[in-house]
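Results of the structural survey
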Amino acid sequence: MVFDIDMIKRVYANYPERINAARQVLNKPLTLTEKILYAHLWDEKATSAFERGKSYVDFAPDRVAMQDATAQMALLQFMQAGKKRVAVPSTVHADHLIQARVGASKDLQDSLNQNNEVFNFLSSISNKYGIGFWKPGAGIIHQVVLENYAFPGGMMIGTDSHTVNAGGLGMVAIGVGGADAVDVMAGMAWELKFPKLIGIKLTGKLNGWTSAKDVILKVADILTVKGGTGCIVEYFGEGAQALSCTGKGTICNMGAEIGATTSTFGYDDSMRRYLIATGRQDVVDAADVIAEHLTGDAEVYENPKAYFDQIIEINLSELEPHINGPFTPDRGTPVSKMREEAEKNGWPMDVEWGLIGSCTNSSYEDLARAASVVKQAVANGITPKAEFGINPGSEQVRFTAERDGILADFEKMGTKVFTNACGPCIGQWDREGAEKQEKNTIVHSFNRNFSKRADGNPNTHAFVTSPEMVAALAIAGNLGFNPLTDTLTNAEGKSFKLTPPVGDELPTKGFAVEDNGYQAPAADGSAVNIIVAPDSQRLQLLENFPVWNGKNITDAKLLIKVKGKCTTDHISMAGPWLKYRGHLDNISNNLLIGAENAFNGKANEVKNQLTGSYGEVPAVQRAYKAAGIASIVVGDHNYGEGSSREHAAMEPRHLGVSAVIVKSFARIHETNLKKQGMLALTFTDEADYDKIHENDLFDFIDLESFAPEKPLTLRIRHENGTHDDIILNHTYNQSQIEWFKAGSALNLIKLMEN
Ligand code: MIC
Ligand code: SF4
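About the cut-offs
- Residues numbered from 1 in each chain as written.
- Chains lettered and ligands numbered in written order.
- Predicted model: local features only at pLDDT ≥ 70, side-chain atom pairs only at ≥ 80, totals over all residues.
- Heavy atoms only, no water.
- Helix = DSSP H or I, 4+ residues; strand = E, 2+ residues; numbered from the N terminus.
- Rg over C-alpha atoms; globule rule 2.2 N^0.38 Å.
- Buried < 20%, exposed > 50% of the residue type's maximum accessible area, 1.4 Å probe, protein only.
- Contact = heavy atoms within 4.5 Å.
- Lys, Arg positive; Asp, Glu negative; His and termini not counted.
- Salt bridge = Lys/Arg side-chain N within 4 Å of Asp/Glu carboxyl O.
- Pairing = 2+ DSSP bridges.
- Axes fitted to C-alpha atoms, helices over the stretch in contact; angles between N-to-C directions.
- Near = heavy atom within 4 Å.
- Nonpolar A, V, L, I, M, F, W, Y, C, P; charged D, E, K, R; others polar.
- Core = buried A, V, L, I, M, F, W, Y, C linked by side-chain atoms within 4.5 Å.
- Parallel < 35°, antiparallel > 145°, perpendicular 65-115°, else oblique.
- Disulfide = S-S within 2.5 Å.
- Polar contact = N/O pair within 3.5 Å; in protein donor to acceptor, adjacent residues only side chain to side chain.
- Areas by Shrake-Rupley, 256 points an atom, 1.4 Å probe, with all protein chains shown as cover.

Of regular secondary structure, the chain possesses 24 helices and 30 strands. The C-alpha atoms of the chain give a radius of gyration of 25 Å, which matches the 27 Å a tight globule of 754 residues would have. The buried share of the chain, reckoned over its 754 residues, is 64%. The contacts in the chain between residues at least 6 apart in sequence include a share of 76% that link residues at least 24 apart.

Printed below as a string of structure tokens:
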């Protein structure tokens, strides 16, 4: 069955006319990104050209996807918008709340028992509002979207930063906070600053041990975790066309790790093959009619320098497998240099776990290629040195891989097959012994490897690499092992060399599945009741955030000055806290507990200015709130990088923080703060960060005239009686300022409804 084929046909029917209009206003050959964006304008046909990196533009995305950990807050907000049904096709996927412990069936049952209340809420609210619900065990949101919903030239948003995965099927798919999803589901425009464009030309062809993952590991190394901020990355060239569709998905997926708004590829045969294999011949037939509009113009790809803001060229024939990490996905090391690098840095050499899965790398091809490595080890009598775990990306992938003997190959090596879900990737991993906090190394095929992410142990050195490299490194049990040159030795002392991985891009016998885990919504959901128990510890109905009183904020205290990397994992940790994602007050008890206090180098220990003693961040902030005292948070570069979770913005809002002032923001987090009615500001002069001392007080002296393009002034009053006035930049346009004034974007929607 093809979901929403009528919507797809409607989108395609509009394409020729809209592209024409775009050509007229831009008057130059078009990139694919421009085509998709200009084909999805809220105002339908373009009447003027937008300035990249400057213009705020209203778009009309075709669909919305949400995962269980973010959908709770998104839908609690949607409930308040007063709508009967979602305005565009939308889905919810239960994938983040399932722990990996002993293996799929037991773990899934445990999760159903523990999260019953939340799954029931998601299932019934989906049913009520016309949202498709993918039940626990159906698979990871981005794999399920790629298999069922993504279509070339489409535009979607999703409440998860890896929504970008759908770029593998030629979409512009963008990760957002729940409040943005609410706008689109409520039938309103979705706003984005028109992005800059990075073109990545892929020449040559992957070979040997190199895989699609290595392309993005290399790109991450080049661009770093913030190099893609404000940009859409468009891949092209013969090398791009030679990649499989799911391989393209892997590359787009990890574009989130360079901060890119999204990444995409032009429509080609790999996408046709994938669409057909996943039962969507109808989409191919429709796309083929307008195929010329679903890729960039030839002139653009012949002379990319003239059309992109930045160009990178990678020769796939020369690309080496990469291993990125530890602690950050942009620290890239080619496999041939790993031993030297690890020794130099004192990284633990023994690999203790190899994990294959996550939305990035859990396709049929990924499992097949990794299994081909595992098979060789089994055939040669090698027992793996490390433990192995896999999370298939979807039930369809799992069922097919089981039928084709791929899972059996893994099981011969004692691999634990966990549920089709995020599992260890989001810290839902009950790893034995993690509490001892021993220094150790793990390798995985995920996208993120921030400190403590997988198992909560700050001393786990996690490295990101391709599934086939995970297999090789876990078998060898050594981080310095290079399968291209090194040999393995079995129990009888016989040594042998692994041959490069092979695996079918798509199953030769076709995909199969018995129960894909989909629940269609009721045709008329008006009678469906949503019950949230008043004493629930997991779910809490939302209350309006207070409206701004129109006055300057004065006498604010410093809650915390954060030093260094501060991802959304530092601001609102996942793992054990995932269970409170639907309960704002409870989850607020993790506010910034992972961030480093610049004054004492410690996490979760800040000065309470009311008592002079040190306390935990959430407790100190609750004390300020109770006393009616305003406070601010100060941060470093790329503050809020990582995920889309809006809890990282709602928690400080709920606890009464007024402003977050940093050297720079990650895109989604900055928007999330704005949406929730917070002030998200940046230092005009980064050196002003150093002017902020622990006991300072802060006055916003011209907030009363808050206006677009007009910086704000902050007076920092020091303990010794002196003060500094510093200038803070902001990117609020007029409608975003209205969110601030109303207390939040949702308050404004409600005002408009009444
Ligand atoms: C992640 O990979 O960190 C997550 C969990 O998928 C997040 C969303 C979330 O916090 O729920 C993301 O990437 O946006
Ligand atoms: Fe799930 Fe990990 Fe993908 Fe996030 S990155 S959606 S936690 S698999």
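Still more to cover.
Right, let's talk about the side chain of Arg-18 for a bit. The residue Arg-18 is located in helix α1 (residues 5-26) in this model. One buried charged side chain, Arg-18, makes no salt bridge at all; its nearest oppositely charged neighbour is Glu-44, positioned 4.1 Å away. For Arg-18, the contacting residues outside a window of four places in its chain are Tyr-38, Ala-39, His-40, Leu-41, Glu-44 and Lys-45.

Glancing now at the sheet that holds strand β26 (residues 657-662). Taking strand neighbours around the barrel as the criterion, the 7 strands line up as β22-β25-β26-β27-β30-β29-β28 in a closed arrangement whose pairing is mixed. Taking the axes of each pair of neighbouring strands and ignoring which way they run, one obtains an average angle of 40 degrees across the sheet. Pairing of strand β25 (residues 631-635) with β26 involves 5 bridges; the strand directions are parallel. Bridging across to β26, Gly-635 finds its partner in Val-662. Running over the sheet, helix α20 (residues 617-626) touches β22 (556-561), β25 and β26 and is turned about 175 degrees from β22.

Another aspect to go through is the site of ligand 2. Looking at ligand 2, the residues that line it are His-96, His-142, Asp-160, His-162, Ser-358, Cys-359, Cys-422, Cys-425, Ile-426, Asn-447 and Arg-453. Split by residue class, the shell around ligand 2 holds 4 nonpolar, 5 polar and 2 charged.

This brings us to the nonpolar core. Within the largest apolar cluster, 177 residues are counted, with the highest numbers of intra-cluster contacts made by Tyr-12, Leu-75 and Tyr-235. Ignoring anything within four residues of it in the chain, the contact list for Tyr-235 reads Ile-200, Leu-202, Val-215, Ile-216, Val-219, Ala-240, Ile-251, Ser-263, Thr-264, Phe-265 and Gly-266. Core analysis: the second largest hydrophobic core is formed by 50 residues, Ile-571, Leu-712, Ile-716 and Phe-740 among them.

Before going further, it helps to examine the packing of helix α23 (residues 734-742) against helix α24 (residues 745-753). Axis separation between α23 and α24 bottoms out at 7 Å; the angle between their running directions is 90 degrees. The orientation of α23 relative to α24 falls into the category roughly perpendicular. Packed against α23, whose contacting residues are Glu-738, Trp-739 and Ala-742, the element α24 presents Ala-745, Asn-747, Leu-748 and Leu-751 at the interface. Among the residues making up the contact of α23 with α24, the classes are represented as 5 nonpolar, 1 polar and 1 charged.

This brings us to the state of the cysteines. Considering all chains together, one arrives at 0 disulfides under this definition. Cysteine Cys-245 remains unbridged, with the sulfur of Cys-252 as its closest cysteine sulfur at 9.2 Å.

Moving on, we get to the environment of Asp-696. By secondary structure assignment, the location of Asp-696 is in the loop between β27 (679-683) and β28 (697-700). Considering only alpha carbons, one finds Asp-696 and Gln-676, 20 residues apart in sequence, at a separation of 26 Å. Residues in contact with Asp-696, not counting those within four places in the same chain, are Ala-556, Lys-557, Leu-558, Lys-691, Ile-716, Arg-717, His-718 and Glu-719. Only 2.6 Å separates the side chain of Asp-696 from the backbone nitrogen of His-693, close enough to count as a polar contact. One polar contact links Asp-696 to His-718, side chain to side chain, over a distance of 3.0 Å.

Turning our attention to the environment of Thr-554. Structurally, the position occupied by Thr-554 is in the loop between β21 (518-519) and β22. Taking the relative accessible area as the measure of exposure, Thr-554 reaches 44% and is therefore partly exposed. As a C-alpha pair, Thr-554 and Gly-296 span 258 residues in sequence and 52 Å in three-dimensional space.

On to the site of ligand 1, then. In the vicinity of ligand 1 there are 14 residues, among which Asp-160, Ser-161, Arg-453, Ser-644 and Arg-645 approach most closely. With respect to ligand 1, the side chain of His-96 contributes an N or O atom lying 2.9 Å from an oxygen atom. In the environment of ligand 1, an oxygen atom lies 2.7 Å from a nitrogen or oxygen atom belonging to the side chain of Arg-453. For ligand 1, whose free accessible area comes to 330 Å², the fraction covered by protein is 97%.

Looking now at the sheet that holds strand β8 (residues 196-203). Strand order in this open sheet of 4 strands is β10-β9-β8-β11, and the pairing throughout is parallel. Because the sheet does not close on itself, it has two edges, and the strands there are β10 (262-265) and β11 (310-315). Within the sheet, the average angular offset between the axes of one strand and its neighbour, ignoring direction, is 20 degrees. Examined bridge by bridge, strand β9 (residues 231-236) and β10 share 4 bridges and lie parallel to one another. Each residue of the ladder has a partner; that of Val-233, found in β10, is Ser-263. Each of β8, β9 and β11 touches helix α7 (residues 212-223); the most contacted strand, β11, lies at about 135 degrees to it.

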